[in-house]
Amino acid sequence: MEEAKRIVELAQLIPARNINFYIDACCAMSAVNLNDILGFGETDITTLRSLIMEDQLKAKPQAAIEMLIAYLKDAAGRIGTREGVKILGKLIITHLRKGEFQEKGGPFTKLPLSFLGYAVAEDLMLHGLGPNYSFVGKFLDELVKNEIIKPGFSDYTPQTYEYIRTRCTRYTREDMAAIFLGYSLASKGSLLPIVPFPARPVGFVSVLISEIKKLLPQLPVR
């Protein structure tokens, strides 16, 4: 029990179902290998990227997603639906960004852990107990130490207050929704969340669902 001290403490502050959801989402995102998602033709990939870049939609995920979907529908004859959805997810993850999510270059392997840290800090804040970045950092360290999550990158270092605060304040709620949506599409190849949302959503889970609906209203959330 001592080894899971932070997990136990956190469960006394926010719903355990939220904690489990955030951890499960982080693990599921970490298991997605974006390099395995192959393109369906260099011409189409170039066009899809240019739709985002040339129309300055990089910081407008909702408008960009709508444009990409419209293109994929028009290209249905040469692009399989499942493959197209996975490519859409990959492009959301790698190209549709705001704040720190707008950083150039990779790798993107830290995004799942960033999602987890942001979600916990935001949930604590929504419950009037946070964001408490120091506690969140220790919580993430405990998860990694006990191999509850495997962040999937080799340069992991203990999460300090300043590191957590800096990363969390660079993101927006819309960014988190785009990350979750992107990984969901890239993983499933369909309009389904990467892991099921908990019943009776509260706290940041409710916020996340609301933001995802704004990005892609067709996405099932239950």
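Residues numbered from 1 in each chain as written. Predicted model: local features only at pLDDT ≥ 70, side-chain atom pairs only at ≥ 80, totals over all residues. Heavy atoms only, no water.

Caption draft 1: Representation of empty space enclosed by the protein. According to the stated counting rule, one finds 1 cavity of 30 Å³ or more in the structure shown. Roughly 100 Å³ of internal volume is contained in the largest cavity. Residue lining of the largest cavity: 13 residues in total, with Leu113, Ser114, Tyr163, Ile164 and Arg167 positioned closest to the centre. Counting residues per element, the ones that place at least two in the lining of the largest cavity are helix H6 (111–126) and helix H8 (161–170). (1 Å grid on protein atoms, 1.4 Å probe; cavity = no way out; pocket = protein on both sides within 12 Å on 5 of 7 lines; lining within 4 Å. Points joined across faces, edges and corners; volume = space filled by probe spheres on them. Helix = DSSP H or I, 4+ residues; strand = E, 2+ residues; numbered from the N terminus.)

Caption draft 2: Structural view of the state of the cysteines. In this structure the tally under the stated criterion is 0 disulfides. With no disulfide of its own, cysteine 26 lies closest to cysteine 27 among cysteine sulfurs, the gap being 5.5 Å. When its relative accessible area of 30% is taken as the criterion, cysteine 27 is described as partly exposed. (Disulfide = S-S within 2.5 Å. Buried < 20%, exposed > 50% of the residue type's maximum accessible area, 1.4 Å probe, protein only.)

Caption draft 3: Quick look at the confidence of the model for the chain. For the chain, mean pLDDT is 79; residues scoring 70 or higher make up 77% of the total. Across the chain, the secondary-structure element scoring lowest on mean pLDDT is helix H3 (residues 42–54), at 71, and the one scoring highest is helix H2 (residues 16–30), at 94. (pLDDT = per-residue confidence, 0-100.)

Caption draft 4: Up close: the pattern of salt bridges. Taken as a whole, this structure holds 4 salt bridges when the rule is applied. A salt bridge links glutamate 162 to arginine 165; its shortest N-O distance comes to 2.7 Å. Here glutamate 162 pairs with arginine 165, and both are found in helix H8, just 3 residues apart, close to one helical turn. Using a relative accessible area of 40% as the deciding quantity, one classes glutamate 162 as partly exposed. (Salt bridge = Lys/Arg side-chain N within 4 Å of Asp/Glu carboxyl O.)

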